[in-house]
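A look at the structure
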Amino acid sequence: MFLWVHYTDMVIALLAVPAAVAALWAAMRLPASPGTGPSRMWRLLFGLLLGGAALRVVAALLLLRDGWDFAGPRLVFVVPALVVIAAGYGVWVRPMLRSPAGEGRVAAWPGDYWAAMVAAGVVLVASAAQLVGTGGAAVTGVGVLGIAAVGSVWRRARWCRRSAGRWWRTAAKGALGAALAAAVLVGWSTASQLPARSSMTGSPVDTGGSTIGHAHHGGISVTTLTGTDTAGVPARRFTLTAQAATVELDSGQRVEAWTFNGVTPGPQLRVRQGDLVEVTLVNQLPGVGVTLHWHGVDVPNAMDGVAGVTQDAVPPGGRFVYRFRATQVGTYWYHSHEMSSVQVRRGLFGALVVLPADAPEQSDAVDETVLRHTWIDEDGVASLGVTTGAQRRQVPAGRQVRLRLVNTDGNPATFTLTGAPLRVVAIDGTDVHEPNVLHGVRILVGGGSRYDLAFTMPDQPVVLRADGPTIVYSPDGNAGPGRESPAPALLDPARYGTPAATPFGAASHVDRRFTLRVDERLGFYDGRPAVRYTLNNRSFPDVPMLMVAPGDLVEVTYVNRSGQHHPMHLHGHHMLVLSRDGRPTSGSPWWVDTLDVGPGETYRVAFRADNPGIWMDHCHNLEHAANGMILHLGYAGITTPFQTGHGTANHPE
Ligand code: C2O
Ligand code: CU
């Protein structure tokens, strides 16, 4: 039901603008002599607009349950449009249709053309409201009404062209052009731009001021938030050098990749819980900055690696040293957070695995990270590592196998495992509590998420499929993927595993509550036409910060009213999922750092604000982030000296 509403809304919005333009055009071209009725085409267009507007009213009413600020813009523009269109139909089209020869008494009266054109103009306003967004909509609407009015004048001018024809027409054409240009320009300038911004303005209260504005005097800089236990000699040291390299996939395709140390995925970093980790990032990329973000690891804010928020992007030839203590066991990944929609796609990522402190030094267990990546763009070729086809692995029967699945893309990917009883032992790095045994599994792994599977190797092949590429594990190493068996049941992480105590839950006292409605619309973003991705109808950098104080229990409700998946990723914190679509989660505590919010879904999550800083909260479909789906979680009194946007070196999105 919801999707139907959403798509109807979108499709009609898309159709309504050309239809309204065509209607205006047709109206202006109507023969002026009395006795000629409206053409069938014109009547058709009119009916289309009327039906379209009605559908959008229904859609807006259905969306009203999300609150007025969400459905309101649709209603405010569509309802008047509907009224005007209905009136237009009553006084103009209907009499026309009723008259036997298709000729109407009223057709001779120029005022009717006025009415028709104003009606079409109002529909245009409604559509523009939806397409451009609430901010620019009103102004665009005025511009469009202006066009309608000028069109009427023009029409009228033709009507009496014998007396003042030429002058009128020239003037009207000029005015029409000017109104059109004004409407476009206003729509353009009110659309989000990305000027240079730094730290936060806005008082550090509840929903806060603007995203990252200018620094408070006397605030604590993010650069000082380096952690309390990060002095001393690191247990593990790594150097990751960002460099360009040509990578050849097994399909023969060559990719001009950006890599760490010449390989992509980058080197796997394996550390132990409690280790002090030091990673030196060296940038040898041609002409672009780079950073390192530790996705899912709740590092101190200064080490978070977000260009323009926690550091400046490391320029070509530069270096930056990251230091953090690996406190959380589990599967994580790292990637650049400068131009991330481009850089991650091009290969600047790798796996980070934190093993338990007591994990044996030597073990014959198989422990493999499986990073699924799509090259070039979302429609490009999917691979595991650099292999797009089937890989074979030899694993003796009886061995323990752990597969750490990572989806480095934005869209969810379906992984299936068949051939062995297994458990899903961890999600987003956090162990599942008492996971039950499954006989084969299908998992929708959202963008940026990780799922760990564990099984004992049987004496038959085990097949891992990842929406294209596959890996076959078999005792002799020769088995192929075989026929695709019937798909196993889809894992529901909200119901999997067994409940356990959590530090807080649905019944806990909540200090701050936020609702984030994720949506999309056509419009302008950063000065170019784009599908704009919005949070509460706004796009970065105009989305207010979520302001918290240390110690707060924060509840966030993610409401997806778009037709796409949005894997919402909060930096620096892990979120406990409380409910989905109003139904409480009932399995193991489900902790996430990246939550795939599907079309029409609503999730309630909670987290403890225990890691002061300025933290990105964004869609990990990085193309969406690059088109506005970013906001920040801010702690009162903390500021950043860094800037993002045009004229700076930092473009974290
Ligand atoms: Cu994996 Cu903000 O990123
Ligand atoms: Cu998204």
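Residues numbered from 1 in each chain as written. Chains lettered and ligands numbered in written order. Predicted model: local features only at pLDDT ≥ 70, side-chain atom pairs only at ≥ 80, totals over all residues. Heavy atoms only, no water.

Turning our eyes to something else, we now look at the sheet that holds strand 10 (residues 349–355). Reading across the sheet, the four strands line up as 5-10-9-7 and stay open at both edges, with mixed pairing between neighbours. Where the open sheet ends on each side, the last strands, each with one partner, are strand 5 (266–272) and strand 7 (293–295). Here the average twist between neighbouring strands, direction ignored, is 25 degrees. (Pairing = 2+ DSSP bridges. Helix = DSSP H or I, 4+ residues; strand = E, 2+ residues; numbered from the N terminus. Axes fitted to C-alpha atoms, helices over the stretch in contact; angles between N-to-C directions.)

Let us look at the confidence of the model for the protein chain. Reading fine detail from the predicted coordinates is not recommended where pLDDT is low. Per-residue pLDDT for the protein chain has a mean of 80; in total, 67% of the residues score no lower than 70. Considering only residues more than four positions removed or in separate chains, one finds that residues 132–140, a stretch of pLDDT under 50, has 21 contacts. Predicted confidence is poor over residues 159–164, with pLDDT under 50, and the contacts of this stretch with residues over four places away or in other chains come to five contacts. (pLDDT = per-residue confidence, 0-100. Contact = heavy atoms within 4.5 Å.)

Moving on, we come to the packing of aromatic side chains. Counted by the stated rule, this structure contains eight aromatic pairs. Arranged with centres 4.6 Å apart and planes meeting at 50 degrees, the rings of Phe320 and Tyr322 form a pair that is tilted. The class for Phe320 is partly exposed, based on a relative accessible area of 23%. Here Tyr322 falls in the buried class, since its relative accessible area comes to 0%. An angle of 80 degrees between the planes, with centres 6.3 Å apart, marks the rings of Trp333 and Phe349 as edge-to-face. With Trp333 in strand 9 (residues 330–335) and Phe349 in strand 10, this pair connects stretches of sequence that are 16 residues apart. The same class applies to Trp333 and to Phe349, which are both buried. Aromatic ring contacts, followed pair by pair, group Phe260, Trp294, Phe320, Tyr322, Phe324 and Tyr334 into a single cluster. (Phe/Tyr/Trp six-rings, centres within 6.5 Å; stacked < 30°, edge-to-face > 60°. Buried < 20%, exposed > 50% of the residue type's maximum accessible area, 1.4 Å probe, protein only.)

On to the sheet that holds strand 8 (residues 319–325), then. In spatial order, the strands read 4-3-6-8; together these four strands make up an open sheet with mixed pairing. Taken across any chain shown, the strands that pair with only one partner, and hence form the sheet edges, are strand 4 (254–260) and strand 8. Recorded for the sheet is a direction-independent mean angle of 20 degrees between the axes of neighbouring strands. Pairing of strand 6 (residues 276–283) with strand 8, which is carried by seven bridges, proceeds in the antiparallel orientation. Residue pairing in the sheet places Glu278 in a bridge with Arg323 of strand 8.

With that settled, consider the coordination of the copper ion (ligand 2). For the copper ion (ligand 2), the full set of protein donor atoms is His566 (ND1), Cys619 (SG) and His624 (ND1), and the range of their distances to it is 2.0 to 2.1 Å. For the copper ion (ligand 2), the single-chain donor residues occur in sequence as H-x52-C-x4-H. Taken together, the positions of His566 in strand 25 (residues 566–570) and His624 in helix 8 (residues 622–626) put the pair 58 residues apart, joining distant regions of the chain. As far as the burial class goes, His566 and His624 line up, both buried. (Donors = N, O, S within 2.8 Å, 3.2 Å for Na, K, Ca; no water.)

Here we take up the pattern of salt bridges. Taken as a whole and judged by the stated rule, the model has 21 salt bridges. For Arg404, the salt bridge is made with Asp452, and the minimal N-O distance between the two is 3.4 Å. Highlighted residues: Arg404 in strand 14 (residues 400–407) and Asp452 in strand 18 (residues 450–456), separated in sequence by 48 residues. Each member of the pair, Arg404 as well as Asp452, is classed as buried. Residues joined in a network through salt bridges with shared partners are Arg270, Asp367, Arg402, Arg404 and Asp452. (Salt bridge = Lys/Arg side-chain N within 4 Å of Asp/Glu carboxyl O.)

To continue, consider empty space enclosed by the protein. What the rule picks out here adds up to five cavities of 30 Å³ or more. Volume-wise, the second largest cavity comes out at about 70 Å³. Lining the second largest cavity are Ile427, Thr430, Asp431, Val432, Pro493, Tyr496, Ser588, Pro589, Trp590 and Trp591. Per-class residue counts for the lining of the second largest cavity are seven nonpolar, two polar and one charged. Here the lining of the second largest cavity gathers at least three residues from each of two domains, domain 2 (198–221 + 501–644) and domain 4 (365–491). (1 Å grid on protein atoms, 1.4 Å probe; cavity = no way out; pocket = protein on both sides within 12 Å on 5 of 7 lines; lining within 4 Å. Points joined across faces, edges and corners; volume = space filled by probe spheres on them. Nonpolar A, V, L, I, M, F, W, Y, C, P; charged D, E, K, R; others polar. Domains from an automatic or database assignment.)

That bond from Thr264 to Pro265 is cis: its omega, -10 degrees, falls within 30 degrees of zero. Assignment of secondary structure puts Pro265 in the loop between strand 4 and strand 5. Look at the link from Phe540 to Pro541: it is a cis peptide, with omega at 5 degrees. Relative to the helices and strands, Pro541 resides in the loop between strand 22 (528–535) and strand 23 (546–548). Of note, Met339 is a non-glycine position whose phi angle comes to about 45 degrees, a positive value. By secondary structure assignment, the location of Met339 is in the loop between strand 9 and helix 7 (340–343). Take Met339: its relative accessible area is 23%, and that puts it in the partly exposed class. With a phi close to 70 degrees, Asn537 is a non-glycine residue in the positive phi region. By the element assignment, Asn537 lies in the loop between strand 22 and strand 23.

What follows covers the environment of Thr456. Looking at where Thr456 falls in the secondary structure, it is placed in strand 18. Separated by 36 residues in the primary sequence, Thr456 and Ala420 place their C-alpha atoms 7.4 Å from one another. Apart from residues lying up to four places away in sequence, Thr456 is in contact with Gly398, Arg399, Gln400 and Ala420. Within the local environment of Thr456, its side chain forms a polar contact with the side chain of Gln400, the two groups lying 3.0 Å apart. (Polar contact = N/O pair within 3.5 Å; in protein donor to acceptor, adjacent residues only side chain to side chain.)

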